[in-house]
Amino acid sequence: ITLAARHRYPLHPGFPSTRRFCAINVLEELDLPGEYCVDPKAGRLYFWPAADPRNSQNPQAPRVVLGALPGPVVQITDASHVLLRGFVVEATMGNAIQVRGGQDVRIQACHVRNVRQAGVVVTGGEAHRVEACDIHDTGAGGVTLEGGDRKTLTPAGHQASNNHIWRYAIHKITYATAIEFKGVGNRADHNLIHDAPHMAVSVQGNDHLFEFNVVHDVCNKSDDAGALYKGRNPSCRGNIIRSNFWHHIGDIRGPGGLQGPRSQGTAAIYFDDGDGGDSVVGNVFYRCGEPNGTSFGTIFSHGGHDLVADNNIFIECKRALGSTPWNDARWKTALEGGGGCLWTKRLLEEVDITKPPYTTRYPALVGFMDFKPGQPRVSRAERNVFVDCDSVSSGNWRCDKKRNLTLKGDPGFVGGAKGDFRLKDDSSVFRSLPDFVPIPFEKIGLFADPLRPTPPVERWEEAPAGR
């Protein structure tokens, strides 16, 4: 196999992990039921069905659909106060549902599946909502919320709530997410996200809110990755990641897992390439992240600072807080627009962080572009609880032992063995850390309402011994 261009991450072993690859749409590799190959020049499809599709009398017989629609099944443009409820949307080469401009478009209780691109894509407009939808088996992502004005920091107010998103990124293995934030002031809450090879959430922009969501079993076929990823643009800040439950992130259910023994590392929340200015508050992390000899942690910062980790619970995480700080030379290079960061363009042209509203909304940006040798660049951790974690922090996290709590053994969970990490009223946490605020664990995840009368119940499975 000869590649058309040099790959950024070499395919040979030892970078430090062994890189996997697969052959797609190659006739010689069509060797299992359920696989197919398309010859576009001849207009021919080679398909090996998993069962005989001609047996129409059998209700279990597979339904075979060949989708050739290039664009969305449903497209709503510059319209307002539109309600789309209760549809099955499938079989397109594009996005399933696309909303552009307008106001108050609501996509409710729809079942989106088997599409080549994403499930629901919202671009521009104001106050659109995606509610109680089931989105799965998409070639790329789940829901995109894009809107708001970054120059003026005007929010769009889009919301994705009570959605179940799983088995996405079937064809676009990396950087296809269940929830994608872009712009300013959008929110995703009470969603259930799981089973994907790479990320779950992508954050670009300002003042977004991600809260009361459950995320598990993602980043299970990739490394140098986080379930939630944000990076490379410090003007994007003011985002809040609050009261979510993250578990089994980074394929750590089995010894070594798919990553192998030389993985680059994974995280639950990954702030990359000088990123900062965001808050992680009141989350519960269970067995999240895989350092594998690197500086990765459950919450990981590469090069950045001015992050806040407050009032979180970390349970059986190999390293709770990780970071790889940049030295003065690397930071100066980024401020000058080098190192692939393009900060002069992103921080001074696309927006201007040296003037209001950025300097008034985010006081930490005052003087940000002025390089000061030896300036401390740190992130802060307070009121966190570390239960049976191998290590607490690395790099530039300020994690005062008096303001955080490290424990061995159950601190008084209501039902930790069954995945219920509420703290009992008499938990030792409240005695040792009196200002710790109880996390509303019972409110996290999908909820029952007229649009979703019976949310799915997930069975809690303990990881095998010897994680």
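Residues numbered from 1 in each chain as written. Predicted model: local features only at pLDDT ≥ 70, side-chain atom pairs only at ≥ 80, totals over all residues. Heavy atoms only, no water.

Some remarks on the overall build of the protein chain
Along its length, the protein chain carries four helices and 37 strands. Taking 23 Å as the expected radius of gyration for a compact globule of 467 residues, we find that the protein chain reaches 23 Å, a close match to that expectation. Over its C-alpha atoms, taken along the principal directions, the protein chain stretches across nearly 70 × 55 × 50 Å. Expressed as a percentage of the 467 residues in the protein chain, the buried residues total 49%. A fraction of 63% describes how many contacts in the protein chain between residues 6 or more apart in sequence connect residues 24 or more apart. Here the protein chain displays about 21800 Å² of accessible surface, and carbon together with sulfur accounts for 53% of that area. For the protein chain, the centre of its 53 positive side-chain charges and the centre of its 52 negative side-chain charges are spaced 3 Å apart. (Helix = DSSP H or I, 4+ residues; strand = E, 2+ residues; numbered from the N terminus. Rg over C-alpha atoms; globule rule 2.2 N^0.38 Å. Buried < 20%, exposed > 50% of the residue type's maximum accessible area, 1.4 Å probe, protein only. Contact = heavy atoms within 4.5 Å. Areas by Shrake-Rupley, 256 points an atom, 1.4 Å probe, with all protein chains shown as cover. Lys, Arg positive; Asp, Glu negative; His and termini not counted. Charge placed at Lys NZ, Arg CZ, Asp CG, Glu CD.)

Let's talk about the pattern of salt bridges
Applying the stated rule across the entire model yields 23 salt bridges. In this structure, arginine 242 engages glutamate 211 in a salt bridge whose closest nitrogen and oxygen atoms are separated by 3.0 Å. Linking arginine 242 in strand S22 (residues 240-242) with glutamate 211 in strand S19 (residues 209-211), this pair joins segments that are 31 residues apart in sequence. Relative accessible area serves as the criterion here: at 32%, arginine 242 is assigned to the partly exposed category. In this structure glutamate 211 comes out as buried when scored by relative accessible area, which is 5%. A salt bridge links lysine 230 to aspartate 275; the shortest N-O distance between them is 2.8 Å. You can see lysine 230 sitting in strand S21 (residues 225-231) and its partner aspartate 275 sitting in the loop between strand S24 (266-272) and strand S25 (279-281), a full 45 residues away along the chain. As far as the burial class goes, lysine 230 and aspartate 275 line up, both buried. One network of salt bridges, in which partners are shared, links Arg187, Asp189, Glu211 and Arg242. (Salt bridge = Lys/Arg side-chain N within 4 Å of Asp/Glu carboxyl O.)

Points about empty space enclosed by the protein
Counting across every chain of the model gives one cavity of 30 Å³ or more. Its boundaries defined by the atoms lining it, the largest cavity holds a volume of some 50 Å³. Looking at the largest cavity, the residues that line it are Phe181, Val203, His208, Phe210, Leu228, Lys230, Asn239, Ile240, Ile241, Phe271 and Asp278. When contributions to the lining of the largest cavity are tallied by element, the ones reaching two or more residues are S21 and S22. Class assignment of the residues belonging to the lining of the largest cavity gives a composition of seven nonpolar, two polar and two charged. (1 Å grid on protein atoms, 1.4 Å probe; cavity = no way out; pocket = protein on both sides within 12 Å on 5 of 7 lines; lining within 4 Å. Points joined across faces, edges and corners; volume = space filled by probe spheres on them. Nonpolar A, V, L, I, M, F, W, Y, C, P; charged D, E, K, R; others polar.)

Some points on the layout of surface pockets
What the second largest pocket holds in volume is close to 700 Å³. Every residue lining the second largest pocket is counted, 26 residues in all, and those nearest its centre are Val214, Phe245, His247, Val457 and Glu458. Among the secondary structure elements, those contributing two or more residues to the lining of the second largest pocket are strand S20 (214-216), strand S23 (245-249) and strand S37 (420-423). Of the residues assigned to the lining of the second largest pocket, the class counts are eleven nonpolar, five polar and ten charged.

With respect to helix H1 (residues 328-335)
Within H1 the residues assigned to the buried category are Trp331, Ala334 and Leu335. Looking straight down H1, one finds that the buried residues subtend no more than 100 degrees of arc, so they occupy a single side. (Arc of directions from axis to C-beta.)

So, the sheet that holds strand S6 (residues 97-100)
Here eleven strands make up an open sheet; going across it, the order is S3-S6-S9-S12-S15-S18-S21-S24-S27-S30-S33 and the pairing parallel. A single partner strand is all that each edge strand has here, and the edge strands are strand S3 (74-77) and strand S33 (391-393). For this sheet, the mean angle separating the axes of adjacent strands, direction not counted, is 15 degrees. Pairing geometry for strand S30 (residues 319-324) and S33, over two bridges, is parallel. Residue pairing for S33: leucine 321 is matched across the bridge by serine 393. (Pairing = 2+ DSSP bridges. Axes fitted to C-alpha atoms, helices over the stretch in contact; angles between N-to-C directions.)

Some words on the nonpolar core
Core analysis: the largest hydrophobic core is formed by 60 residues, its most contacted members being Ile107, Phe210, Trp246 and Phe285. Leaving out residues up to four positions away in the same chain, tryptophan 246 has contacts with Phe210, Val215, Ala227, Leu228, Ile241, Ala268, Ile269, Asn283, Val284, Phe285, Tyr286 and Cys288. Phe245, Ile439, Phe441 and Ile444 belong to the second-largest nonpolar core, a separate cluster that totals 22 residues. (Core = buried A, V, L, I, M, F, W, Y, C linked by side-chain atoms within 4.5 Å.)

Points about the sheet that holds strand S8 (residues 111-115)
Strand order in the open sheet made by the eleven strands is S5-S8-S11-S14-S17-S20-S23-S26-S29-S32-S35, with parallel pairing throughout. Strand pairing shows two members of the sheet lacking a second neighbour, strand S5 (88-92) and strand S35 (405-407), which therefore form its edges. Strand after strand, the sheet turns through a mean of 10 degrees between neighbouring axes, direction not considered. With three bridges connecting them, S20 and S23 associate as parallel partners. Paired with histidine 216 across the strands is histidine 247, a residue of S23.

Brief notes about the environment of glutamate 442
Checked against the element boundaries, glutamate 442 lands in the segment after helix H4 (428-432). Look at glutamate 442 and you get exposed, because its relative accessible area is 53%. Taking C-alpha positions, glutamate 442 is 35 Å from glycine 102, a pair spaced 340 residues apart along the chain.

So, a nonpolar patch on the surface
A surface patch of nonpolar side chains, amounting to about 570 Å² of accessible area, comprises Tyr36, Val38, Leu45, Phe47, Val64 and Leu66. Those elements that provide at least two residues to the nonpolar patch are strand S1 (36-39) and strand S2 (44-47). Along the polypeptide, valine 64 turns up in the loop between S2 and S3. (Patch = residues over 30% accessible without salt bridge, like charges linked within 9 Å, V, L, I, M, F, W, Y side chains within 5 Å.)

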